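# Report on the structure
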Amino acid sequence: MALKTSFAALGVAAVLATAVAGAAEARDQIRIVGSSTVFPFTTAAAEAFGKLGAFKTPIVESTGTGGGLKLFCGGVGVDSPDITGASRRIKKSEVETCAANGITEIVEVTIGFDGIVFANAKPGPAFDVDKAILWKALAAKVVVDGKLVDNPYKTWNEIDAKLPANKIEVLGPPPTSGTRDAFNELVMEKGCEEAHAADAIIASGVDKKDVGKACMKIREDGIYVEAGENDNLIVQKLVANPNAFGIFGYSFLEENADKIKGATIEGVKPEYEDISSGKYGVSRSLFIYVKKAHVGTVPGIQEFLTEYTSEKAMGENGYLADKGLIALPAPEAAKVRDIVAKLTPLDTASVK
């Protein structure tokens, strides 16, 4: 369903949403769901906001990006969250779901950047890889002798003789995770391109328009293990198995730097400055999405957004940087604060 059609069909839904929004007055505490990557930043901002004393500390839950947006788009009113965190941008289909459920105005707030890291325990081998190697290690099908075949690689040195003869073992996020979406786009799809696999994929019968989707399909033979939305659990498993690797946001590498280390990807290590500058090639924007209909009904939403986007919070030397958030450049941060001040709704035409 096109966005235009969705919004045109909202006559009755809009009236219902207005009525239901009033029910949100029964709740005096902001409710936030969403991305496990964004969770520590939102939690820190919520705690700082609560300490100001004017409003209750918001409730923050880690549900994953996809799960959070599903809850967020479920409707307007006391039973639905006010804000959701996302480690990727909202999708067109999610905007349409929101609209169908009476949520016609969504405020998109970019809070900063994050790098996706490929990491292992400190005692494990040091890795210097490119995206093509990672794609060959994790793709469901790869190109061997010019033909697309089920992934035969079991050890790293089978892909590149310079790598150790260790079994390929990778713990990563599930399909509902924004980190998984971003990894697919930034590593799997790009790695597939770098491996020059498109011709073989098309020759296997895949339509040209579906090559990207085929590139992003991850193997299901036990090499890649979905470890849920709990990145801390991945860290614990890496410590227990130094030869295994994990995929998660830079903030978790920063928080656990005494236990794990990030692999160098295409000659660049996952470090703050290189993620901020764009030199590290596996980085992404992080967001929170706000239900404008709840502003003014659930107390403190506008004030919380002001705290979250303040210089003392998301600035380069703010308390969120201590949690691993990569700060926005000053001009971009100023635009975000203007969006928050005016509660400017997301331009849905820009969503893919």
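The structure displayed is predicted, hence computed values, not measured ones. (Residues numbered from 1 in each chain as written. Predicted model: local features only at pLDDT ≥ 70, side-chain atom pairs only at ≥ 80, totals over all residues. Heavy atoms only, no water.)

## Remarks on helix α13 (residues 301–308)
An α-helical turn contains 3.6 residues, so a residue and the one three or four places further along point in the same direction. Listed as buried for α13 are Ile301, Phe304, Leu305, Glu307 and Tyr308. The buried side chains of α13 occupy one side of the element, clustering within an arc of 160° when seen end-on. (Buried < 20%, exposed > 50% of the residue type's maximum accessible area, 1.4 Å probe, protein only. Helix = DSSP H or I, 4+ residues; strand = E, 2+ residues; numbered from the N terminus. Arc of directions from axis to C-beta.)

## Looking at the domain arrangement of the protein
Quite often, the size of an interface is put as the accessible area lost when its parts meet. What the domain assignment reports for the protein is domain 1 (31–114 + 284–350) and domain 2 (115–283). Put simply, the middle of domain 1 and the middle of domain 2, counted by C-alpha atoms, are 28 Å apart. Together, the buried faces of domain 1 and domain 2 total about 1600 Å²; carbon and sulfur atoms form 51% of this surface. The largest contributions to the domain 1 side of the interface with domain 2 come from Asp114, Arg284 and Ile326, which together make up 37% of the buried area. Linking domain 1 to domain 2 there are two salt bridges. The partner of Asp181 in a salt bridge is Lys91, and the shortest N-O contact between them spans 3.9 Å. (Domains from an automatic or database assignment. Buried area = accessible area lost by both parts, 1.4 Å probe. Salt bridge = Lys/Arg side-chain N within 4 Å of Asp/Glu carboxyl O.)

## Notes on the environment of Val298
Tracing the sequence through the fold places Val298 in the loop between β13 (283–291) and α13. Under the relative-accessibility criterion, Val298 is labelled buried at 1%. In this structure the C-alpha to C-alpha distance between Val298 and Asp82, which are 216 residues apart in sequence, comes to 8.1 Å.

## Re the pattern of salt bridges
Tallying each qualifying case throughout the model produces 18 salt bridges. Close ionic contact of Asp210 with Lys209 constitutes a salt bridge, the shortest N to O distance being 3.5 Å. You can call Asp210 partly exposed: its relative accessible area is 26%.

## Remarks on the state of the cysteines
One pass over the full model with this rule turns up two disulfides. Through a disulfide, Cys73 is tied to Cys98; the S-S separation comes to 2.0 Å. Sign of the S-S torsion, about -70° for the bond between Cys73 and Cys98, identifies this disulfide as left-handed. Of this pair, Cys73 sits in the loop between α4 (65–72) and β3 (83–86) while Cys98 sits in helix α5 (residues 92–100); the two residues are 25 residues apart in sequence, bridging distant segments of the chain. Note on accessibility: Cys73 and Cys98 belong to one class, buried. Between Cys192 and Cys215 runs a disulfide, and the two sulfur atoms are separated by 2.1 Å. For the disulfide bridge between Cys192 and Cys215, the dihedral angle about the S-S bond is near -50°, and by the sign convention the bridge is left-handed. (Disulfide = S-S within 2.5 Å.)

## Details of the packing of aromatic side chains
Per the stated rule, a full pass over the model turns up nine aromatic pairs. Ring geometry for Phe304 and Tyr308: centres 5.6 Å apart, planes at 70°, overall edge-to-face. In this pair, Phe304 and Tyr308 both sit in helix α13, four residues apart, roughly one turn of the helix. This pair shows no difference in class: Phe304 is buried, exactly as Tyr308 is. (Phe/Tyr/Trp six-rings, centres within 6.5 Å; stacked < 30°, edge-to-face > 60°.)

## Focus on the packing of helix α6 (residues 131–138) against helix α7 (residues 178–194)
Closest axis-to-axis distance for the α6/α7 pair is 7 Å, and the angle between their directions is 100°. One way to sum up the angle between α6 and α7 is to call them roughly perpendicular. Between α6, through Lys131, Ala132, Leu134, Trp135 and Leu138, and α7, the contact on the second element is made entirely by Phe183, Leu186, Val187, Met188, Lys190, Gly191, Cys192 and Glu194. When its residues are assigned to classes, the contact of α6 with α7 shows nine nonpolar, one polar and three charged. (Axes fitted to C-alpha atoms, helices over the stretch in contact; angles between N-to-C directions. Parallel < 35°, antiparallel > 145°, perpendicular 65-115°, else oblique. Contact = heavy atoms within 4.5 Å. Nonpolar A, V, L, I, M, F, W, Y, C, P; charged D, E, K, R; others polar.)

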